[in-house]
Amino acid sequence: MREPDDELARLFASLPTVSAPASLHDDVMTVIDRLPAPTLAPGWSIDWVEVFTFASSAAVLAWQLHQTASWLTAATALRTWTSLFFMPTAWPTPVSGLMWFLLAGGVALVVAEGGSAFGAVNDKLT
Amino acid sequence: MVTLGNTASDAELIRRTQAGDKRAFSELVKRHQDAVYNVAYRLVGDPEMARDLTQEAFISMYRGIASYRHEARFTTWAYVIVRNLCSTRIKKNAREMAYLTPEGESDGKLEHVAAMDADPVDGALRHELQSGMMAALMTLSMSHRLVLTLYYFEAMGYEEIATVVGFPVGTVKTHLHRAKAAMRRAMQAKELV
């Protein structure tokens, strides 16, 4: 129950929690016992959104590596990409897939620009 | 012999159910039947209908448990199913919820929720307030009832509510704000506040 931070919370808190009828469990299980055991879905399936997201962000990474041609920036980009893509909470959906794509592109651009700037400074120094 | 009891997590019980262990599902029903029944009851306001919907919800969960992907809590998934069933049932009913009886005409549906106070006067006042609260809740739209129930009774956060109702988080916040305002108006109309 919510903290009584407002009048409504206090009033809702005054309502009792109702208990399920005593026979509900048995009634449910009587029906369940007549049903066949659940059929598990195939162990794998192709999630095309995920495939697209993975492929597109991998393509952006490859382009970035081609542009910068620097092991340092390549390693940084690879680390960023893997940490973003393989975060345990990353479950691409059509929306989040697009977000990942844009994010990967943004990271690629920033790193590529940074790599170019670093290369230019390095050239001047040497 | 493998014991299930209170030690197994919901995820473990779901995995066992997916593997064909009906006793594991029985444990899930025992564990969550009160919560699921409560949500159904707050949505339809009728104990008998809530009972039917809760039973139907658990059977639907069992039928669909093979596709459960462990991305959300079991209760969140359960509430999505309850919401869908309640919504379908309400639409099927020609009249907007049987609970909406004229004021002052008790149909006895809330008798079982009144606390049995030692002081009969206090008990009567409490019962009146509880009945009035439920009656006010039942005047709201289904989506407003749902967000209020999940927010106040189930103490869910915005993100979790968004998963259940199928709206973006921003829309949930707007809905909740409007639902609170509607509830206050309904309670003022019944002179409860």
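Above this text sits the structure in question.
So, here's what we can say about the structure.

What counts, and at which threshold
Residues numbered from 1 in each chain as written. Chains lettered and ligands numbered in written order. Predicted model: local features only at pLDDT ≥ 70, side-chain atom pairs only at ≥ 80, totals over all residues. Helix = DSSP H or I, 4+ residues; strand = E, 2+ residues; numbered from the N terminus. Buried ≥ 20, exposed ≤ 12 C-beta atoms within 10 Å, placed from the backbone. Contact = placed C-beta atoms within 7 Å. Expected span 1.5 Å × (residues − 1). Nonpolar A, V, L, I, M, F, W, Y, C, P; charged D, E, K, R; others polar. Core = buried A, V, L, I, M, F, W, Y, C linked by C-beta atoms within 7 Å.

Here's the deal with the overall build of chain A
Inference 1: Counting its secondary structure elements, chain A contains five helices and zero strands.
Inference 2: Taken from the N to the C terminus, the helices and strands of chain A come in the order α-α-α-α-α.
Inference 3: Out of the 126 residues in chain A, the part that is buried amounts to 19%.
Inference 4: By sequence separation, contacts in chain A at least 24 residues apart represent 71% of the contacts at least 6 residues apart.

Brief notes about helix α6 (residues 142–153) of chain B
Note: α-helices contain 3.6 residues per turn, so residues at a spacing of three or four share the same orientation.
Residues and elements named next belong to chain B.
Inference 1: Here α6 contains 12 residues, and its C-alpha end-to-end distance of 16 Å stays within 8% of the 16 Å for a straight helix at 1.5 Å per residue.
Inference 2: In terms of burial, α6 is largely enclosed, as nine of its 12 residues are buried.
Inference 3: Of the residues making up α6, those classed as buried are H144, R145, L146, V147, L148, T149, L150, Y151 and Y152.
Inference 4: Where α6 terminates, the next one or two residues include A155, which has phi positive at roughly 50°.

Let's talk about unusual backbone geometry
Inference 1: Of note in the backbone geometry, A155(B) takes a positive phi value of approximately 50° without being a glycine.
Inference 2: Note that A155(B) resides in the loop between α6 and α7 (158–165).

Some thoughts on the interface of chain A and chain B
Inference 1: Counting residues at the interface gives 30 residues for chain A, matched by 36 residues for chain B.
Inference 2: Contributing elements (two or more residues each) for the side of chain A that touches chain B: α1 (7–14) and α2 (24–34) of chain A.
Inference 3: No other element matches α2(A), which puts eight residues into the side of chain A that touches chain B.
Inference 4: For the side of chain A that touches chain B, a count of residues per class yields 21 nonpolar, five polar and four charged.

Re the nonpolar core
Residues and elements named next belong to chain B.
Inference 1: Within the largest apolar cluster, 51 residues are counted, with the highest numbers of intra-cluster contacts made by A40 and V82.
Inference 2: If you tally residues by element for this core, the top one is helix α2 (residues 22–44), at 11 residues.
Inference 3: Here V82 is in contact with V36, V39, A40, L53 and A57, once residues within four sequence places are set aside.

Side note on helix α3 (residues 47–64) of chain B
Inference 1: Between its terminal C-alpha atoms α3(B) stretches 25 Å, which fits the 26 Å expected from 18 residues at 1.5 Å a residue.
Inference 2: Taken as a whole, α3(B) has its buried residues at P47(B), M49(B), A50(B), L53(B), T54(B), Q55(B), A57(B), F58(B), M61(B) and Y62(B).
Inference 3: Tucked inside the fold, the buried residues of α3(B) contact α2 of chain A together with α2 and α4 (74–92) of chain B.

From the geometry alone we can't say anything about function, so treat these as descriptive.
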